[in-house]
Amino acid sequence: MSANLKYLSLGILVFQTTSLVLTMRYSRTLKEEGPRYLSSTAVVVAELLKIMACVLLVYKDSKCSLRALNRILHDEILNKPMETLKLAIPSGIYTLQNNLLYVALSNLDAATYQWPSDSQELDSKELSAGSQFVGLMAVLTACFSSGFAGVYFEKILKETKQSVWIRNIQLGFFGSIFGLMGVYIYDGELVSKDGFFQGYNRLTWIVVVLQALGGLVIAAVIKYADNILKGFATSLSIILSTLISYFWLQDFVPTSVFFLGAILVIAATFLYGYDPKPAGNPTKA
């Protein structure tokens, strides 16, 4: 059962990451009348949706009993403040990472966002050098922060008996607080002028839901697999994003170096998941 959950969660993560990258990129570059939606508010809304989804899952696990749900939340979160505070570190990093992803996809095409290389090959007519630099710095910072937060979160998940949904509620709680701080600091004036949900449309809500789903799927992958496999799943989505960017969006032309890197990613994924059969003992005459 755990093996099935591992590969199911990995498959969903590949689909979710690819969909999120492409829709987020499109939503950030789409030209419409009126103000564009604020990425800082989108991060907060995604965290709130993640909390709501996890509460519903805990409610389902507690046999749809409100009394049992209240007891579980009280015992596992309020009565264990130190355990809850452990999630403040990865939550803050994930919130920073989610904001950086919006910055990156506002300045880079979908494939380069996921694969920060060969930036000099991008169409200079579409992206300025300054935008490329900002986007690449955002991607690199997000990569390093994501690696640390993923390993830290995996350690917490596998060293305690709390469910992955409870941990996600704790993670989302701090993520909402950090996210609201970011909204106040960076976009406070815009929010007071045009509202928290300015520029939101159907595509924006799709991006927000996909981002919330990603938080749940990543936690499941780390719980049932590990952070390394999560990285491989994310890397596989690079291939899909590249194909879609090239054939559909037509905003990226892969180079030979890119193809070489893609082959290495696929080979690494295969080797990591390969489980050779043990050699049989030679029979003695």
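Residues numbered from 1 in each chain as written. Predicted model: local features only at pLDDT ≥ 70, side-chain atom pairs only at ≥ 80, totals over all residues. Heavy atoms only, no water.

Sites flagged by UniProt as "transmembrane region" (unreviewed entry) map to residues 6-25, 37-59, 133-153, 165-185, 205-225, 232-249 and 255-274. Along residues 37-59, the helical share is 91% and the strand share 0%, with 33 Å between the first and last C-alpha atoms. From the first C-alpha to the last, residues 165-185 spans 30 Å; its make-up is 100% helix and 0% strand. (UniProt positions renumbered as here; feature names shortened; annotations may be inferred. Helix = DSSP H or I, 4+ residues; strand = E, 2+ residues; numbered from the N terminus.)

We now examine the packing of aromatic side chains. Scanning the entire structure with this criterion turns up 6 aromatic pairs. Taken together, a centroid distance of 5.3 Å and an interplanar angle of 70 degrees make the contact between Phe173 and Phe174 edge-to-face. Since its relative accessible area comes to 45%, Phe173 is described here as partly exposed. The structure contains a cluster of three or more aromatic residues connected by ring pairs, namely Tyr37, Phe196, Phe197, Tyr200 and Trp205. (Phe/Tyr/Trp six-rings, centres within 6.5 Å; stacked < 30°, edge-to-face > 60°. Buried < 20%, exposed > 50% of the residue type's maximum accessible area, 1.4 Å probe, protein only.)

Mapped onto the elements of the fold, Asn168 is located in helix α8 (residues 164-194). Setting aside its immediate chain neighbours within four residues, Asn168 contacts Lys50, Cys54, Gly215, Leu216 and Ala219. (Contact = heavy atoms within 4.5 Å.)

The subject of this paragraph is the nonpolar core. By size, the foremost hydrophobic cluster in this structure holds 18 residues, and its most contacted members are Met24, Tyr37, Ala42, Tyr102 and Val207. Of all the elements in the fold, those that place two or more residues in this core are α1 (2-29), α2 (39-61), α5 (88-105), α7 (129-159) and α9 (202-224). Sequence-distant contacts of Tyr37, that is, excluding residues within four places in its chain, are made with Ser27, Arg28, Ala42, Tyr102, Gln198, Gly199, Tyr200, Thr204 and Val207. Counting 12 residues, the second largest nonpolar core, distinct from the first, contains Leu87, Ile156, Val164 and Ala219. (Core = buried A, V, L, I, M, F, W, Y, C linked by side-chain atoms within 4.5 Å.)

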